[in-house]
Amino acid sequence: MPDFDLESFVLEMRAAARADEPIKKVRDAMTRAFRDPAAIRAAMPEYENDDEILFEDDSVSIWFVRFAPGLHVPPHDHQTTATIGVYAGAEDNHFYLCEPGKLVHKSSRRVGPGEVIAIKPDGIHSVEAADGKDSCGIHVYLAALTKIERSLFDWNSGDVRPYTEENYDAMKRIAG
Ligand SMILES: [Fe+2]
């Protein structure tokens with residue numbers, strides 16, 4: 001296997017997203033690419049921002065995502081399949097179900113270097129960096145994420161709010 005090449009990876013994801021069974025194809029291709037997280041680490045640029053859109057069209061969005069210690073991203077959905085691969089640090093993903101009047105925590109999953117998970121369109125998760133270290137990953141969504149109307153969920157009541165920057169800032173949790 002050659003070293004990781006971001007341009008080739010983006011092309012591979014674009015092809016997978018347009019193939020039959022895109023969910024499986026993207027997941028399989030991500031799993032292959034993330035077998036060597038050190039190669040991804042070595043190849044990825046040092047982005048200044050915590051989020052960087054690497055590619056987006058109507059079939060796929062590919063993001064660089066960094067979670068810094070202390071920030072807990074509020075519960076949200078994606079309205080499309082989200083496939084998440086981590087190449088540095090680890091993400092703690094917490095999964096919830098919305099029940100009448102409350103948000104119920106169901107499970108948590110630490111996603112470390114080389115691991116890939118897929119979240120269904122109606123899956124609700126919150127995310128934070130694990131072990132007090134930055135986590136870096138690539139997130140692939142099977143739609144134009146910036147055009148989708150997504151939801152945030154109140155930590156306690158599960159009340160649904162539009163996924164806007166203002167609501168996100170009001171709901172995010174900062175440690176310390
Ligand atoms: Fe998410």
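It should be emphasised that the depicted structure is a prediction, and the values quoted were computed from it without experimental measurement.

So, about the sheet that holds strand β4 (residues 82-88). The 5 strands are arranged β1-β2-β9-β4-β7 in an open sheet whose pairing can be described as antiparallel. Of all strands in the sheet, those bounded by a partner on one side alone are β1 (51-56) and β7 (116-119). Between one strand axis and the next, the sheet turns through 20° on average, direction left out of account. Pairing of β4 with strand β9 (residues 135-141) involves 6 bridges; the strand directions are antiparallel. By the bridge assignment for β9, A82 is matched with Y141. On top of the sheet, helix α2 (residues 22-33) reaches β4, β7 and β9; it is set at about 5° to β4, its chief contact.

The next thing to look at is the pattern of salt bridges. Between side chains of opposite charge, pairing is possible as soon as their charged atoms come close. Under the counting rule described, the total for this entry stands at 10 salt bridges. Two residues, R66 and D50, come together in a salt bridge whose shortest N-O distance is 2.8 Å. One end of the pair, R66, is in strand β2 (residues 61-67); the other, D50, is in the loop between α3 (37-43) and β1, and 16 residues separate them in sequence. D50 sits in the partly exposed class, given a relative accessible area of 34%. The partner of R110 in a salt bridge is D131, and the shortest N-O contact between them spans 3.3 Å. On the criterion of sequence distance, the pair formed by R110 in strand β6 (residues 102-111) and D131 in the loop between β8 (124-129) and β9 is long-range, its members being 21 residues apart. Judged by its relative accessible area of 42%, R110 falls in the partly exposed class. Look at D131 and you get exposed, because its relative accessible area is 57%. Three or more residues joined by partner-sharing salt bridges are found here, namely D92, R110 and D131.

Calculation notes
Residues numbered from 1 in each chain as written. Predicted model: local features only at pLDDT ≥ 70, side-chain atom pairs only at ≥ 80, totals over all residues. Heavy atoms only, no water. Pairing = 2+ DSSP bridges. Helix = DSSP H or I, 4+ residues; strand = E, 2+ residues; numbered from the N terminus. Axes fitted to C-alpha atoms, helices over the stretch in contact; angles between N-to-C directions. Contact = heavy atoms within 4.5 Å. Salt bridge = Lys/Arg side-chain N within 4 Å of Asp/Glu carboxyl O. Buried < 20%, exposed > 50% of the residue type's maximum accessible area, 1.4 Å probe, protein only.

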